Amino acid sequence: MRHDHITSAKQLSRSDIEAVLDRAGEIAGNPAAYADRHEGALLGLMFFEPSTRTKMSFSAAIKRLGGDIVDMGPVDSSSVQKGESLADTVRVVEGYADAVVLRHPKEGSAQMASEFVDIPLINGGDGAGQHPTQTLLDLYTIRENAGLDDLTIGIMGDLKYGRTVHSLAYALTTFDTRQHFISPESLKLPRNVRYDLHEQGSSIKEHTELEEILPSLDVLYVTRIQKERFPDESEYRKVAGEYQIDAETLEMAKDSLTVMHPLPRVDEIAHDIDDTEYATYFEQAHNGVPVRMALLDLLLGGGQ
Amino acid sequence: MTDQELRVSKIENGTVIDHIAGGQALNVLAILGINGSRGETVSVGMNVPSDRLGRKDVVKVEDRELSQSELDVLSLIAPAATINIIRGYDVVEKNRVERPSSVTGVLECPNQHCITAEDEPIDTQFEVLDDGVRCVYCDTIIRESIATQIKV
Ligand SMILES: [Zn+2]
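Throughout, a residue's number is its position along its own chain's written sequence, starting from 1. Labels follow written order: the first chain is A, the first ligand is 1, and so on. At least 70 in pLDDT is required for a residue's local features to be given in this predicted model, at least 80 for side-chain atom pairs to be given and counted, and no such filter applies to totals for whole chains, interfaces and linings, which use all residues. Calculated side-chain values reflect all of the structure's heavy atoms, with hydrogen atoms and water omitted.

Moving on, we come to the overall build of chain B. A count of helical and extended segments in chain B gives three helices and nine strands. The secondary structure listing takes helices from DSSP runs of H or I that are at least 4 residues long and strands from runs of E that are at least 2 residues long, numbered from the N terminus. Along chain B, from the amino end to the carboxyl end, the secondary structure elements read α-β-α-β-β-α-β-β-β-β-β-β. Radius of gyration: C-alpha atoms only; globule rule: 2.2 Å multiplied by the number of residues to the exponent 0.38. The C-alpha atoms of chain B give a radius of gyration of 17 Å, which matches the 15 Å a tight globule of 152 residues would have. Dimensions along the principal axes, computed over C-alpha positions, put chain B at roughly 55 × 30 × 25 Å. For chain B, buried positions account for 47% of its 152 residues. In chain B, once contacts between residues fewer than 6 apart in sequence are set aside, the share between residues at least 24 apart is 58%. Any residue under 20% of the maximum accessible area for its type is buried, any over 50% is exposed, and the rest in between are partly exposed; the area is computed with a 1.4 Å probe on protein chains only. The contact rule is simple, with two residues in contact once any of their heavy atoms fall within 4.5 Å.

Set out below in structure tokens:
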């Protein structure tokens, strides 16, 4: 990998992605070999909005590599409240750490912040924008369960605002995949994402119903449809209800189907699926640690 | 003076921007920051019949030659424009505008959640696409409304 910063899944080539996933596989297979790999390394955590899981997962990753964290803490107790710019804050933190993870509510914040620092900066989510480590752990999970070549995947739910979906769909275009997008009319893929997928030479198949393509799928990636997207509660219930799945829904699916979800879920995947062979979403969440370890290892110079 | 003479009356020194899409002349002036306040002589012809465009706008600015970065931005809303540099009543240079690969600091991102809308020490930057521009920070694409995103 030849990147100083990881701000967007779009910057990652197929060989970049494979380097991270291969390393993650090695780490998962032999974690003890990596336990002192980055002894003394400090990872700066700059979380301008709460995200317990992303933060815990990065903390676990650097500690399992022998390093530690320096945490900016919650925004209300830091200098941010005093009106300091992000550009200044990140330049200060640069002096405290060997790499930094930034989560920030504004889109493009990671790209901007990376222009001000020389240590590796990883985007831990920038508003409705990018969340590249989520994409990498999604890809790792898909590769482990279904393989990334000759893959038919259905991505369902809120495709308009769901950033995990946008990054994943883009990254999948570098592999041999057929992508189906299933959503209500009002939550279809936005224009800039369709533009990108089109530019990548991907054929986009959009559906409003899961039934017609479910039997052909190797992976079904479900995302949450949020209440805030609808003018009123009854409209939300009506629409969201059509995109919930349970064990009965999956009777038409292949036995080998992998069901994924970035979590947290509300009721888009019924609990009766949890104990079936289809359910892969908890494994997916756990994969966040070896994948982030692999990325940190490569960015901190463990590639040679 | 006939209508024809009024339209094509020559200027001694300056720039004639021809073949602007009909109705875009005022946006062109806005891009160039020309509002008459500096006392420059500006003539605007709007919806002039044109063989090439049907209707075109023409802008003449006296005693001013446009820079490359001004031409770059101009290309976004007036891709067919021709630029004539006039010295001593003669056209000394005739150029077509060329689309740049990106424009910096000229357009405002329409996405209110974009980091460029915050008080940060950066310029906006847009990658120029075949049929629009895209914010390099938040990926928002502007197509039809480029002129309204020009910073004033
Ligand atoms: Zn933007």
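Turning next to the interface of chain A and chain B. Counting residues at the interface gives 19 residues for chain A and 21 residues for chain B. Throughout, the accessible surface (probe 1.4 Å) given up by two parts as they are put together, summed over both, is called the buried area. Carbon and sulfur atoms supply 49% of the area buried between chain A and chain B, which totals about 1,600 Å² over both sides. Contact with chain B buries surface across chain A, with E107(A), R191(A) and Y195(A) losing the most and accounting together for 37% of the total. Salt bridge, as used here, is a side-chain nitrogen of Lys or Arg placed within 4 Å of a carboxyl oxygen of Asp or Glu. There are three salt bridges connecting chain A and chain B. The salt bridge involving R134(B) is made with D196(A); its shortest N-O contact spans 2.7 Å. For the side of chain A that touches chain B, the elements supplying multiple residues, two or more each, are α3 (86–94), α4 (109–114) and α7 (191–199) of chain A. At four residues, the largest contribution of residues to the side of chain A that touches chain B is made by α7(A). Note on residue classes: Ala, Val, Leu, Ile, Met, Phe, Trp, Tyr, Cys and Pro are nonpolar, Asp, Glu, Lys and Arg are charged, and everything else, Gly too, is polar. For the side of chain A that touches chain B, the residue count by class is five nonpolar, seven polar and seven charged.

Let's shift gears to the packing of helix α1 (residues 14–29) of chain A against helix α10 (residues 288–299) of chain A. Residue and element names in this part refer to chain A. Between N-to-C directions, angles span 0 to 180 degrees; the directions come from axes that are lines fitted to C-alpha atoms, helices contributing only their stretch in contact. Where α1 contacts α10, the axes come no closer than 8 Å and their chain directions differ by 115 degrees. Considering only the axes of α1 and α10, their crossing is right-handed. In this structure, α1 uses A19, V20, R23, A24, I27 and A28 to contact α10, whose residues at the interface are P290, V291, M293, A294, L295, D297 and L298. Its residues assigned to classes, the contact of α1 with α10 comprises eleven nonpolar, no polar and two charged. Handedness of a crossing is defined here by the sense of rotation of the near helix relative to the far one, left-handed for an anticlockwise turn of less than a right angle and right-handed for a clockwise turn.

Six octahedral donors around a metal ideally sit at 90 or 180 degrees from one another, while four tetrahedral donors ideally sit at 109.5 degrees. Residue and element names in this part refer to chain B. In this structure, C109 (SG), C114 (SG), C135 (SG) and C138 (SG) serve as the protein donors to the zinc ion, at separations of 2.3 Å. Each metal's donors comprise the N, O and S atoms found within 2.8 Å of it (within 3.2 Å for Na, K or Ca). Water is not part of the atom list, so some coordination spheres may appear incomplete. Metal sites are grouped by the angles between bound donors: all angles between 85 and 135 degrees with four donors is tetrahedral, opposite donors over 155 degrees apart with the others between 65 and 115 is square planar for four donors and octahedral for six, and any other pattern is irregular. Around the zinc ion sit four donor atoms, and with donor-metal-donor angles ranging over 99 to 118 degrees the site reads as tetrahedral. Considered as a linear motif, the donors of the zinc ion on their single chain read C-x4-C-x20-C-x2-C. The residues C135 and C138 share a single accessibility class, namely buried.

Cis peptide bonds are those with omega within 30 degrees of zero, and the linkage from L263(A) to P264(A) qualifies with 0 degrees. Within the element layout of this structure, P264(A) appears in the loop between β9 (258–260) and α9 (281–286). Positive phi outside glycine occurs at H19(B), with the angle close to 60 degrees. Tracing the backbone through its elements, the reader meets H19(B) in strand β1 (residues 14–21). Overall, H19(B) belongs to the buried group, its relative accessible area being 17%. Here D63(B), not a glycine, exhibits a phi torsion of approximately 60 degrees, which is positive. Relative to the assigned elements, D63(B) resides in the loop between β3 (54–62) and α3 (68–77).

All names here are of chain A. What makes two strands pair is DSSP finding at least two bridges between them. Taken in spatial order, the four strands of this open sheet run β2-β1-β3-β4, and their pairing is parallel. Unpaired on one side and paired on the other, β2 (68–71) and β4 (121–126) mark the two borders of the sheet. With direction set aside, neighbouring strand axes in the sheet form an average angle of 20 degrees. Examined bridge by bridge, strand β3 (residues 99–104) and β4 share four bridges and lie parallel to one another. From the neighbouring strand, H104 faces β4, where its bridge partner is D126. Against the sheet, α3 contacts β1 (42–47), β3 and β4, and its axis sits at roughly 160 degrees relative to β1.

Our focus in this paragraph is a negative patch on the surface. Patches draw on residues past 30% relative accessible area with no salt bridge. Two like charges within 9 Å are joined, as are two nonpolar side chains (Val, Leu, Ile, Met, Phe, Trp, Tyr) within 5 Å. Accessible surface is estimated by sampling points in the Shrake-Rupley manner with a 1.4 Å probe; for residues, cover comes only from the protein chains shown. Charged-residue counts in this description rest on Lys and Arg as positive and Asp and Glu as negative, His and the chain ends being excluded. Lysine's charge is taken at NZ, arginine's at CZ, aspartate's at CG and glutamate's at CD. Together, E209(A), E211(A), E212(A) and E242(A) line one region of the surface with negative charge. On the basis of relative accessible area, E242(A) is assigned to the exposed category, the value being 56%.

Working definition of a nonpolar core: buried Ala, Val, Leu, Ile, Met, Phe, Trp, Tyr and Cys residues. They are joined through side-chain atoms within 4.5 Å. The biggest cluster of nonpolar side chains holds 54 residues, and the ones touching the most others in it are M46(A) and I17(B). By residue number, the principal contributor to this core is α3(B), which donates five residues. Once residues within four sequence positions are removed from consideration, I17(B) is found in contact with V28(B), L32(B), D57(B), V58(B), V59(B), L66(B), L74(B), A81(B), T82(B) and I83(B). Formed by 50 residues, the second largest nonpolar core is a distinct cluster that contains I27(A), L151(A), M260(A) and L299(A).

All right, on to empty space enclosed by the protein then. In this analysis the probe radius is 1.4 Å and the grid spacing 1 Å, with only protein atoms considered; a cavity is a set of points the probe fits into but cannot get out of, a pocket is an open set with protein on both sides within 12 Å along at least five of seven lines, and lining residues have an atom within 4 Å of a point. Grid points are joined across faces, edges and corners, and a volume is the space filled by probe spheres set on the points. Using the criterion set out here, one finds one cavity of 30 Å³ or more in the structure. Approximately 60 Å³ is the volume attributed to the largest cavity. Split into classes, the residues belonging to the lining of the largest cavity amount to five nonpolar, two polar and three charged.

To continue, consider a nonpolar patch on the surface. All names here are of chain B. A grouping of L26, V44 and M46 is seen on the molecular surface, where their side chains present a nonpolar patch of about 260 Å² in accessible area. Secondary-structure assignment places L26 in helix α2 (residues 25–31). L26 gets classed as exposed once you look at its relative accessible area, which sits at 54%.

Looking now at the side chain of T249(A). Residues and elements named next belong to chain A. Checked against the element boundaries, T249 lands in the loop between α8 (233–241) and β9. For T249, a relative accessible area of 17% translates into the label buried. Side-chain atoms alone can form a polar contact between residues adjacent in sequence; in general such a contact is a pair of N or O atoms within 3.5 Å, and within protein one must be able to donate a hydrogen while the other accepts it. Within the structure, T249 has its side chain in polar contact with the side chain of D246 (distance 2.8 Å). The contact partners of T249, leaving out residues within four places of it in the chain, are L210, L214 and Q244.

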